[in-house]
Amino acid sequence: MEKVQKALVFTWEGTDRRGARVRGETRSNSMALVKAQLRQQGITPQKVKKKAQSLLGGKRKKKITAGDIAIFSRQMATMMSSGVPLVQSFEIIGRGHENPAMAELILAIKADVESGNPLAKALGRHPLHFDDLYCNLVNAGESAGILDTLLDKIATYKEKTEALKSKIKKAMFYPIAVIVVAFIVTTILMLFVIPQFQEMFSGFGADLPAMTLMVIAMSKFFQSYWWAIFGGIGAGIFAFVQSKRRSRAFRDFLDRLSLKVPVFGDILNKAALARFARTLATMFTAGVPLVEAMGTVAGASGNVVYEEAILRIRDDISTGSPLNQSMQQTGLFPNMVVQMVAIGEEAGSVDSMLAKVADFYEQEVDDAVDGLSSLLEPIIMAFLGVVIGGLVVAMYLPIFKMGQVV
């Protein structure tokens, strides 16, 4: 990744067109750029010096997230549609951003644009934050003279995409969090609570229930080999993360497997369909040629199964096949989606039809996540009751038995 030059604060003094003395502060990447900006504003700079404070202002840098890029896109779209010049929009957004790292990125792009580079090229210098889809849409907007309209489309696309990701994470987070909590509570019981009961039962003078004996045996094993258990879990998580990061074959396997998981697989399928429709609709609106757009859409699909299918569709339409027919041949897209695209092709409104498809599946994902949450709550409560409650009951059974003897 290209290193972003730190934006600095410069204080300056000069005279305006009427000869009046003016002074102020400007954030920029160099003193020469500050002087050039002042001259563009009709101010003759007389003294420019760097202030002993960077843009960070003592704040700690935070990682730039996809949410930051979505908010930035909406801010730019609002500024441009309101008639604010491009460079001034960058200055206003960069100056007021709460995340110093994002502010530096914005001002670096601003400096690039001021030096004469197109916005798409300036954004392309930061591929970690602005992908090919983003840059292609901005380039199309600049070429057609409708940058404000395209920025609004990009902002909507980013907002919808982030909302969809948030719903997927919500569906996954709840059960994972409960499993982690259950494991922590079980560990505490095994290492600290059950040994106390074990000492108390050592002088009990009667046979312990089978369930109690089993739990005590599990506790002894846990006490003896806790390092191996935690080490194995840590190693497994580390191996999983590294394999997913380094192995394309492993990532592809996970993508294919995830679509077949009951309940969750249905949500992921609908999410992939929503991403496909939303991305292609946005590209169509920008006037990007269909064959070129399909390559970008494949990369944005988020799942290798859909990526391979979209690339096959691209190959088919490059030889003259209709889009709806190519989609149907993959066997991956529901009939409703194929028919909507077919109607759109006949009416010349593929972008609006795809937008409707995206809206439909985004709502489907939202409803499915809400339904899943309602379904999981009683299941998770039962799971916790069986695991944690079972351990507690096993420890109290001998006490109940002693009470019966007395």
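In this structure the tally under the stated criterion is 11 aromatic pairs. Where Phe-360 meets Tyr-361, the ring centres are 5.0 Å apart and the plane angle is 85°; that geometry is what we call edge-to-face. These aromatic residues form a ring-pair network of at least three members: Phe-72, Phe-90, Phe-130 and Tyr-134.

Tracing the backbone through its elements, the reader meets Asn-117 in the loop between α4 (100–114) and α5 (119–124). A distance of 2.6 Å separates a polar atom in the side chain of Asn-117 from a polar atom in the side chain of Asp-112. Beyond its immediate chain neighbours, meaning those up to four positions away, Asn-117 contacts Asp-112 and Arg-125.

Moving on, we come to the packing of helix α2 (residues 66–81) against helix α7 (residues 147–202). Viewed as axis vectors pointing N to C, α2 and α7 meet at an angle of 150°, and their least axial separation amounts to 8 Å. Classified by the angle their axes make, α2 and α7 are roughly antiparallel. You can see that α2 and α7 cross each other, and the crossing is left-handed. Along the contact surface, α2 presents Ala-66, Gly-67, Ile-69, Ala-70, Ser-73, Arg-74, Met-76, Ala-77, Met-80 and Ser-81, while α7 presents Leu-147, Asp-148, Leu-151, Asp-152, Ile-154, Ala-155, Thr-156, Lys-158, Glu-159 and Glu-162. Looking at the contact of α2 with α7 residue by residue, the classes come out as 10 nonpolar, 4 polar and 6 charged.

To continue, consider the pattern of salt bridges. If charged atoms from side chains of opposite charge come close, those side chains can pair. For the structure on display, the rule yields 13 salt bridges. Here Arg-256 ties to Glu-308 by a salt bridge, and the two come within 2.9 Å at their closest N and O atoms. On the criterion of sequence distance, the pair formed by Arg-256 in helix α9 (residues 248–258) and Glu-308 in helix α12 (residues 304–318) is long-range, its members being 52 residues apart. On the basis of relative accessible area, Arg-256 is assigned to the partly exposed category, the value being 34%. Judged by relative accessible area, which is 32%, Glu-308 ranks as partly exposed. Between Glu-364 and Lys-270 there is a salt bridge, with the nearest N and O atoms lying 3.1 Å from each other. Of this pair, Glu-364 sits in helix α15 (residues 350–405) while Lys-270 sits in helix α10 (residues 264–285); the two residues are 94 residues apart in sequence, bridging distant segments of the chain. Residue Glu-364 is classed as partly exposed on the basis of its relative accessible area, which comes to 26%. It is possible to trace a salt-bridge network through shared partners that takes in Arg-74, Asp-152 and Glu-159.

Low-confidence regions, as indicated by low pLDDT, have predicted coordinates that should not be scrutinised in detail. With 93% of its residues at a pLDDT of 70 or more, the protein has an overall mean of 81. Predicted confidence for residues 1–5 stays below pLDDT 50, and this span has 8 contacts to residues more than four positions away or in other chains. A low-confidence stretch, residues 53–58 (pLDDT under 50), is modelled with 15 contacts involving residues beyond four sequence positions or located in other chains.

Turning next to helix α8 (residues 210–246). An ideal rise of 1.5 Å per residue puts 54 Å on 37 residues; α8 reaches only 47 Å between its terminal C-alpha atoms. The complete set of buried residues in α8 reads Thr-212, Val-215, Ile-216, Ser-219, Phe-222 and Gln-242.

A separate point is α10. In this model α10 runs 32 Å from its N-terminal to its C-terminal C-alpha over 22 residues, within 8% of the 32 Å that 1.5 Å per residue would give. Most of α10 sits inside the fold, with 18 of its 22 residues counted as buried. Downstream of α10 by a residue or two, Gly-287 has a phi angle that is positive, lying close to 80°.

Attention now goes to the environment of Met-327. Along the polypeptide, Met-327 turns up in helix α13 (residues 323–330). With 64 residues separating them in the primary sequence, Met-327 and Val-263 have C-alpha atoms 24 Å apart. Those residues in contact with Met-327 that lie beyond four places of it in its chain are Phe-276, Ile-313, Phe-333, Val-337, Val-338 and Val-341.

One can describe the packing of α13 onto helix α14 (residues 335–347) by two numbers: an axis separation of 8 Å at closest approach and a directional angle of 165°. The angle between the axes of α13 and α14 places the two elements in the roughly antiparallel class. Judged by the sense of rotation from one axis to the other, the crossing of α13 with α14 is left-handed. Packed against α13, whose contacting residues are Leu-323, Asn-324, Met-327 and Gln-328, the element α14 presents Val-337, Val-338, Val-341, Ala-342 and Glu-345 at the interface. Counted by class, the contact of α13 with α14 contains 6 nonpolar, 2 polar and 1 charged residues.

Cut-offs used in this document
- Residues numbered from 1 in each chain as written.
- Predicted model: local features only at pLDDT ≥ 70, side-chain atom pairs only at ≥ 80, totals over all residues.
- Heavy atoms only, no water.
- Phe/Tyr/Trp six-rings, centres within 6.5 Å; stacked < 30°, edge-to-face > 60°.
- Helix = DSSP H or I, 4+ residues; strand = E, 2+ residues; numbered from the N terminus.
- Polar contact = N/O pair within 3.5 Å; in protein donor to acceptor, adjacent residues only side chain to side chain.
- Contact = heavy atoms within 4.5 Å.
- Axes fitted to C-alpha atoms, helices over the stretch in contact; angles between N-to-C directions.
- Parallel < 35°, antiparallel > 145°, perpendicular 65-115°, else oblique.
- Left-handed = near helix turned anticlockwise from the far one by under 90°.
- Nonpolar A, V, L, I, M, F, W, Y, C, P; charged D, E, K, R; others polar.
- Salt bridge = Lys/Arg side-chain N within 4 Å of Asp/Glu carboxyl O.
- Buried < 20%, exposed > 50% of the residue type's maximum accessible area, 1.4 Å probe, protein only.
- pLDDT = per-residue confidence, 0-100.
- Expected span 1.5 Å × (residues − 1).

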